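Coordinate inspection notes
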Amino acid sequence: MQTELLKEARRQAEICNACRYCEGYCSVFPALHRLREFSDADLIQFANLCHNCRGCYYACQYTAPHEFDLNLPGILADLRQDSWEEFAWPQAPAKAFQRNGVLIALVTILGFALMFVAARFLGSAGGEGFYAVLSHNAMVAIFAPAFLFPLLSLGVSIRRYWGETGGGSVAFSDLKGALVSAAKMKNLAAGHGEGCNFEDEDRFSHARRHAHHLVMYGFLLCFAATTSGTVMHYGLGLHAPYPLWSLPKLLGVTGGLMLTAGAFWMARLKLKSAQELGSASAWGGEMAFVLLLSFVAVSGLALYLFGQTVAMPTLLALHLGAVLAFFLLTPFTKMAHGFYRMAALVREENSNRHSS
């Protein structure tokens, strides 16, 4: 962990703790105000509780040109990014993706797409629809390890985070409180429930909160579509392709539309935001993740629309390449922030329970 980042975060947190003007804001401030001095573990916890809504920055009287020069969202964003890279397993890809995310995502998608094109010429062992291009067994053999790797990687990373921040035993009430907060995107409503100042310092908006909702629930619907298809295939003996009104199609198309809208909305908001209030060094990696997510959703919808045309094999290769790249890169992209923030929210619920 970078010593200078921790030192600057501690300086700013101490000033905020003395001022307390932002006491009614997001989860960071109740956690900060419980303490009188801050360990490195406390600062890392604050960083992962912060959702970068930026309300505290625009409300603060001690930002530049004041001599205190406070930028709490910015320093917490830098510390948060540094902590993710420190806890990531393996570390090298995490650091590389933040510096060259767009290039890595593009090369990974195209590389995997070419692999799927090559696999097509090895034969599909027969089948209908997509399975005429690539057999079901081949897809399972490729995607099962790709799905398990991020779970292992994130499991190691979150365990490191939990140990470093002094997380203890977890009660069901801790999990429940954290899940409710995440489901509602409570912290993106900011302190007064008016939303973020992400787009304009004088304008509160729920746009970022709604965009995150679309992405989160769109992704969950797509995952549910894949899960229902797996159950139908192995449990009920009902094999793809499935009709429009089947559960996998209804869930997948709805989720794909929500994911596409949410991802493009997030990209637009990010382009309008002030980079100095986030982690400037990670901006490229964060944008690469949003674009990768967009491409997964758009290519999936395109595959649905043109799945009965001659374009299907090419679209299938691109979509499968994007999905495979998404899963394998997940532990090193901003997708990991959902897991860290959930862990931070659980730890905060745990701290509240023990302090009450």
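All of these numbers come straight from a predicted model, not from anything done at the bench. (Residues numbered from 1 in each chain as written. Predicted model: local features only at pLDDT ≥ 70, side-chain atom pairs only at ≥ 80, totals over all residues. Heavy atoms only, no water.)

The next point concerns the overall build of the chain. Assigned secondary structure in the chain consists of 13 helices and two strands. Against the globule reference of 21 Å for 356 residues, the chain gives a C-alpha radius of gyration of 22 Å, in line with a compact fold. Principal axes of the C-alpha set define a box for the chain whose edges measure 70 × 40 × 35 Å. Classification of the 356 residues of the chain by burial places 50% in the buried group. Across the chain, the fraction of contacts at a sequence separation of at least 24, relative to all contacts at a separation of at least 6, is 75%. Total accessible area on the chain stands at roughly 17,000 Å², and carbon and sulfur atoms take up 64% of it. (Helix = DSSP H or I, 4+ residues; strand = E, 2+ residues; numbered from the N terminus. Rg over C-alpha atoms; globule rule 2.2 N^0.38 Å. Buried < 20%, exposed > 50% of the residue type's maximum accessible area, 1.4 Å probe, protein only. Contact = heavy atoms within 4.5 Å. Areas by Shrake-Rupley, 256 points an atom, 1.4 Å probe, with all protein chains shown as cover.)

Under the definition given, this model contains 14 aromatic pairs. Between Trp 84 and Tyr 340, the aromatic rings sit 5.8 Å apart at their centres with planes inclined by 20 degrees, giving stacked as the arrangement. Separated by 256 residues along the polypeptide, Trp 84 in helix α5 (residues 72–87) and Tyr 340 in helix α13 (residues 336–355) bring together distant segments of the chain. Exposure class is identical for Trp 84 and Tyr 340. Each is buried. Centre to centre, the rings of Phe 149 and Phe 332 are 6.3 Å apart; their planes meet at 50 degrees, and the pair counts as tilted. Of this pair, Phe 149 sits in helix α7 (residues 136–164) while Phe 332 sits in the loop between α12 (312–329) and α13, and the two are 183 residues apart along the sequence. (Phe/Tyr/Trp six-rings, centres within 6.5 Å; stacked < 30°, edge-to-face > 60°.)

A few words on a nonpolar patch on the surface. Together, Leu 244, Trp 245, Leu 250, Tyr 304, Leu 305 and Phe 306 make up a nonpolar patch on the protein surface, roughly 650 Å² of accessible area in all. Here Leu 244 lies in the loop between α9 (207–235) and α10 (247–272). Classification of Leu 244 as partly exposed rests on a relative accessible area of 38%. (Patch = residues over 30% accessible without salt bridge, like charges linked within 9 Å, V, L, I, M, F, W, Y side chains within 5 Å. Salt bridge = Lys/Arg side-chain N within 4 Å of Asp/Glu carboxyl O.)

Trans is the prevailing form of peptide bonds, just as negative phi is the prevailing case for residues other than glycine. Of note, the amide linkage connecting Ala 64 to Pro 65 takes the cis form, showing an omega dihedral of 15 degrees. For Pro 65, the location among the structural elements is in the loop between α4 (55–59) and α5. Here the phi dihedral of Asp 69 falls at roughly 50 degrees; this positive angle occurs in a residue that is not glycine. Relative accessible area serves as the criterion here: at 43%, Asp 69 is assigned to the partly exposed category. Look at Met 185: it is not a glycine, yet its phi comes out positive at around 50 degrees.

Time to look at the pattern of salt bridges. Overall, the coordinates contain six salt bridges when judged by the stated rule. With a shortest N-O distance of 2.6 Å, Asp 40 and Arg 10 are connected by a salt bridge. Separated by 30 residues along the polypeptide, Asp 40 in helix α3 (residues 40–49) and Arg 10 in helix α1 (residues 3–19) bring together distant segments of the chain. On the basis of relative accessibility, which here comes to 36%, the residue Asp 40 falls in the partly exposed class. Look at Arg 10 and you get partly exposed, because its relative accessible area is 22%. Residues joined in a network through salt bridges with shared partners are Lys 270, Glu 286 and Lys 334.

Let us now look at the nonpolar core. Here is a general trend for soluble globular proteins: nonpolar side chains tend to be buried in one another's company. Of all hydrophobic cores here, the largest spans 50 residues; its most connected members are Phe 116, Leu 316, Leu 320 and Phe 326. Mapped onto this core, the elements with two or more residues apiece are α6 (91–120), α7, β1 (196–200), α9, α10, α11 (283–305) and α12. With 12 residues, the single largest contributor to this core is α12. Not counting the four nearest positions on each side in its chain, Phe 116 is found in contact with Leu 134, Ile 142, Phe 143, Ala 317, Leu 320, Gly 321 and Leu 324. Grouped together as the second largest cluster of nonpolar side chains are 40 residues, Ala 9, Leu 49, Leu 154 and Leu 345 included. (Core = buried A, V, L, I, M, F, W, Y, C linked by side-chain atoms within 4.5 Å.)

Looking now at the side chain of Ser 153. Relative to the helices and strands, Ser 153 resides in helix α7. A polar contact is formed between the side chain of Ser 153 and the backbone oxygen of Trp 89, at a distance of 2.4 Å. (Polar contact = N/O pair within 3.5 Å; in protein donor to acceptor, adjacent residues only side chain to side chain.)

Let's shift gears to the packing of helix α8 (residues 172–184) against α9. Relative orientation of the contacting elements α8 and α9 amounts to 110 degrees, with a least axis distance of 9 Å. Relative to α9, α8 is oriented roughly perpendicular. Where α8 abuts α9, its residues Ala 182, Ala 183 and Lys 184 lie against Arg 209, His 213, Met 216 and Tyr 217. Counted by class, the contact of α8 with α9 contains four nonpolar, one polar and two charged residues. (Axes fitted to C-alpha atoms, helices over the stretch in contact; angles between N-to-C directions. Parallel < 35°, antiparallel > 145°, perpendicular 65-115°, else oblique. Nonpolar A, V, L, I, M, F, W, Y, C, P; charged D, E, K, R; others polar.)

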